[in-house]
Structure formats: structure tokens, C-alpha cells
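Report on the structure
As a plain string of letters, each chain reads:
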Amino acid sequence: MVEREEYLRSISPVDEVLALAAVEELAENNPKAVVTQAVRTVLAELRRSILEAKDEERLKALSLEPADLVPLITDLVSEVMSPSLRRVINATGVVVHTNLGRSILSPLAVDAVLSVASNYSTLEFDLKEGKRSNRQVHIEDLLVTITGAESAMAVNNNAAAVFLALSALANGKEVIISRGELVEIGGSFRIPDVMVAGGAILCEVGTTNKTHLKDFDGAIGPETALLLKVHTSNFAMRGFTAEVPLKELVELGAKKNIPVMHDLGSGVLIDLAQYGLSYEPGVKESVLAGADIITFSGDKLLGGPQAGLIVGKKDFIERLKGHPLARALRLDKMTLAALEETLRLYLDPAQAIKEIPTLNMMLTPQAELKKRADGLAKRLREVGAGRLNAQVMADHSKVGGGALPLEELPTFVVSAAAESLSAAAFEAALRRAETPVIVRVKDERVIFDVRTIQRSEIAEIAEAVQSILNL
Ligand SMILES: *Cc1c(COP(=O)(O)O)cnc(C)c1O
């Protein structure tokens, strides 16, 4: 194709595009380097399209008109200049949605973050003594009070907590664990891999479905440093199964003088069964059962910021605090501030349920959910003006975050279908809205689960739907 050469030669030089009035204006309102880079990228893409065009027809469809490049350049600049990490509306009903940031913080926790982020703070300073102090003090006493453990600390996340504990207590030594508990939590966290990374030698006992105390007993040897129990957070086994209760493991450990660690995953600090949810092992129970080290997440069912909480016997916690990795895995002041305020709410469980969004959303009464769904459906019908079918239906929400995997929380949803759009196109458009709305699609309909939709977000969803329908 001779024409291809001609097309390539006709691509405008960068300077020429930069001199367009619209592009000059763009460069006045944005960093010049960003605009120049956007121009280069758009021209390079045009060049590639010319080279890749399979026939003359496709070649002819390409516009070389510099003015036609302006919208592409503008889009690219605005993409670079708008935040990548930004707010979305979670209409999935999954309360602890790992991809959407797991737990959202209580207003009290948010205020605390803001205060330490924009001011100097007591991060490592003792006001009474006027001396250097330790950042763990802000959460240690609270965790001790709430869980009944002897001592406590916090690191970056629960993966870090497990890694630190294994590195400090079992480096180069054997850790015994049931084959039924060698779990994978999300793609990048597998208990056996973390054990190896922490320098521990994995000693698996029992079978996938059944492990007995005698399996642990028989595996203990001179190289055994730790007995590890891992909560199978994100799945449940039924049928011909047996696991060793923590209490029996602790008794065995005491007899053989070997510490016992319990990785709980989700950190439940109040009895959720009391509120009608299924049983999920709590931190207090593990403390009472006598585990030496207990690890759990700050942002799963606890409802705080991303953190790895470690509670247990003083001697062991001291060893973890003194380990060089503790510094590498330590918490930032903003997270500490949010964690401290979240934990303080647990001093009064009724307060915790009221103020901590994760707990609050899991326990929202049916009547309230129905009211919210009715409100959303009404708004959607209003903005839809005949172009949208919206119905309130009973459905189920998931807790998410690898917690309470079998729990089906009865909820109310708005099931919607747009006249002019497929469900997939409707879902994609909502995702690309100014404030993205993340929904589920089921049976060719878009599902808005109101459990995770905040009251103030209903108007925003209606606005997004309106602009989608008006396109
Ligand atoms: C979620 C989980 C982890 C990892 O916790 P993060 O806070 O995501 O690092 C580790 N162990 C178990 C059992 C878990 O459920």
C-alpha cells in the first residue's frame, strides 16, 4: 500500500498539535509536561493504527486532522490528572469487599486520622515524662482490655502478623499444622508459602478432612518450635470431618513446652451469634483457650483500618516486638489513629455496633433495608421516566472478606433493567460514572443491594442512572 507511507508522512508534528488553541488552553490548566506527553502518546497511537490497518478501507477510516486528536488528548490528560485511588459506591451488598477497600471507617476514626495527619502528634512521645515512647502504647492497653490477653501489638496487616510471628518464633524450626488448615486467602497469601518465607519448616499432619490430637502428638520432636492452628476463614468443610480444638492443642503444647499460635483471620471482638449471625470464632475465646499468640486482621469483621493485630502471652509478644522485622512491618500513624478509635468503640459493644460501619451494615434490620430499597426504586423510576424498570426484591448479601463464608444475610435489592441497554452495558456505564457505582448483574438485570449503600448515596445513584439513560 503506497498510501500507508503517505499517511505516516501526514501525521502532524508534536509542536504543531501543541500549538492548537484547544491544546494550548489545556496546557494552561494542566502541567505542560503532562499535555506534551499526552500529545506524544496520541500521535504514537495514530502511527500504530496506520501501521496496523489491514486494508485501505480501515486506513481511510483514520482521521489525520489535528483537531480530531484534541478529544483524545483531553481525555488522556484528565485521566492522568484525576486520582486513580478514588471513592466508589458499593452497591454489591458485600460488606467486607476486599477489592473495594474492605471496611469503611467510623466517622470518629476518620476524624482521628485527619487530626494526626495534619498535625504533629504523640506518635512516639510520652507527654507525662516528656520522653521518647513507643507507638504500640496507643493500642496495646485497649486490645488487652477488650480481648483479655496479657499483651498486644499491631503491624501492617494480618499476613505481616503471621510472617512476623513465624520469623520470631520458628525460624529454622518446625511448625506443625493440620493438612485441613493449609489454606489460601486470596491469590497471594497461602499459609504454607508464608511459613516457608518466615523460615519455618512446614510439618503437615492429619488429612484434608480429619486431623486428631494424636497426629500432632506424634509429630512433635526436638525441632518443633510451634503448633499452629489456622481458621479456615473463607470456606467450611462438612461431613466426615474432625479438627483439633484449640484448647486440646494448648494442653498438648503445655505438656511438651511448645507454644501454640492461632491465626484467626477475621478478628471478631464481639459475639455475633448473639445478634443472629452464624458462629465465627472470637478473639476472646482463643485467649480463654490459652493460645500463646493470636493473629487477626484489623479491616475484616473488626471494621477498622488495614492492620494485623497480635495478642497473647507477654513473653512471646515481647519477642515479636524486639524482632528486627517489627520495624519493617510497623504501622503508620494514620492507621494507628484509626485503629485506636475503632478499638475504643469496642469498650461498649452496643456503641461498636452502632458506630462501626462494617458491624452496622451486617446487622441492619430488615425493615430499614426494605425502606431504603423502596426509596431507591422510587428515585430510579422517577429519573427513568418510563425507560427503566425497577423492582424491589428480597435477596441475600454476603459478608465477604473471607469471613462467614456460608452466611447469607437476608436483604432487599432493587433489580433494574434499562430499555435501551443490556444489563452488561448498564453495569459498565455505572462503573464509569463520575462516582462509580459497583453493582451485581443477575438474570439480565442490574442488582443494587442497599445493605452497603449509604443513605446519602441514593441521590448519587439516581443521578448516575439519569445521565446514563439520557446519553
Ligand atoms: C485474611 C486472612 C489472612 C490475611 O490477612 P490480611 O489482613 O489480609 O493480611 C491471614 N490468615 C487468615 C486465616 C485470614 O483469614
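My aim in this report is to walk through the structure given alongside it, one point at a time. Source: prediction; values computed, not measured.

1. Topic: the overall build of the protein
In terms of helices and strands, the protein carries 21 helices and 17 strands. Counting over 471 residues, the protein shows a buried share of 48%. Expressed as a percentage of contacts within the protein between residues at least 6 apart in sequence, the contacts between residues at least 24 apart total 74%. When the accessible surface of the protein is split by element, carbon and sulfur atoms take 52% of a total near 23,300 Å². Side-chain charges of the protein comprise 52 positive and 63 negative groups, with the mean position of each set lying 4 Å from the other.

2. What about the side chain of D299?
Relative to the helices and strands, D299 is located in the loop between β11 (293-297) and β12 (308-312). For D299, a relative accessible area of 8% corresponds to the buried category. In contact with D299, other than residues within four places in its own chain, are V96, R102, S103, G304, P305 and Q306.

3. With respect to the sheet that holds strand β14 (residues 409-418)
Strand order in the open sheet formed by 4 strands is β13-β14-β17-β16, and the pairing between neighbours is antiparallel. Every interior strand has two partners, whereas the edge strands, β13 (388-397) and β16 (440-442), have only one. If you compare each strand with its neighbour and ignore which way they point, the axes differ by 35° on average. Sheet topology places β13 next to β14; 10 bridges connect them, and they run antiparallel. Residue pairing for β14: D395 is matched across the bridge by T411. Running at roughly 5° to β14, helix α19 (residues 366-384) makes contact with β13, β14 and β17 (445-449) of the sheet.

4. Some words on the layout of surface pockets
Taken as a whole, the largest pocket encloses approximately 740 Å³ of empty space. Along the walls of the largest pocket sit 36 residues, with H231, T232, E243, Y279 and P281 positioned nearest its centre. Elements with a contribution of two residues or more to the lining of the largest pocket: β9 (224-230) and α13 (283-289). No other element matches the 3 residues that α13 contributes to the lining of the largest pocket. The class makeup of the residues in the lining of the largest pocket is 14 nonpolar, 14 polar and 8 charged. Roughly 490 Å³ of internal volume is contained in the second largest pocket.

5. Some thoughts on helix α6 (residues 66-81)
If you check α6, its first and last C-alpha atoms are 22 Å apart, about what 16 residues at 1.5 Å a residue would give, namely 22 Å. Listed as buried for α6 are P66, L69, V70, I73 and V77. Looking at the packing, one finds that the buried side of α6 touches α2 (14-18), α3 (21-29) and α4 (32-52).

6. Considering the pairing of β17
With 4 of 5 residues buried, β17 is to be regarded as a mostly interior element. Bridging between β14 and β17 involves 4 bridges; their strand directions are antiparallel. Bridge pairing links S415 to I447 in β17. Here 3 bridges tie β16 to β17, and the two strands are oriented antiparallel to one another. In the strand pairing of β17, V441 is matched with V446.

7. Re the site of the ligand
Around the ligand, the surrounding shell holds 13 residues, and the nearest of these are A159, S233, D263, S297 and K300. Here N158 contributes a backbone N or O atom positioned 3.1 Å from an oxygen atom of the ligand. For the ligand, an oxygen atom lies 2.7 Å from a polar atom in the side chain of S297. Burial of the ligand by the protein chains amounts to 94% of its free accessible area of 380 Å². Where the shell around the ligand is concerned, the elements lending two or more residues are α9 (158-170) and β10 (260-266).

Conventions adopted
- Residues numbered from 1 in each chain as written.
- Predicted model: local features only at pLDDT ≥ 70, side-chain atom pairs only at ≥ 80, totals over all residues.
- Heavy atoms only, no water.
- Helix = DSSP H or I, 4+ residues; strand = E, 2+ residues; numbered from the N terminus.
- Buried < 20%, exposed > 50% of the residue type's maximum accessible area, 1.4 Å probe, protein only.
- Contact = heavy atoms within 4.5 Å.
- Areas by Shrake-Rupley, 256 points an atom, 1.4 Å probe, with all protein chains shown as cover.
- Lys, Arg positive; Asp, Glu negative; His and termini not counted.
- Charge placed at Lys NZ, Arg CZ, Asp CG, Glu CD.
- Pairing = 2+ DSSP bridges.
- Axes fitted to C-alpha atoms, helices over the stretch in contact; angles between N-to-C directions.
- 1 Å grid on protein atoms, 1.4 Å probe; cavity = no way out; pocket = protein on both sides within 12 Å on 5 of 7 lines; lining within 4 Å.
- Points joined across faces, edges and corners; volume = space filled by probe spheres on them.
- Nonpolar A, V, L, I, M, F, W, Y, C, P; charged D, E, K, R; others polar.
- Expected span 1.5 Å × (residues − 1).
- Near = heavy atom within 4 Å.
- Polar contact = N/O pair within 3.5 Å; in protein donor to acceptor, adjacent residues only side chain to side chain.

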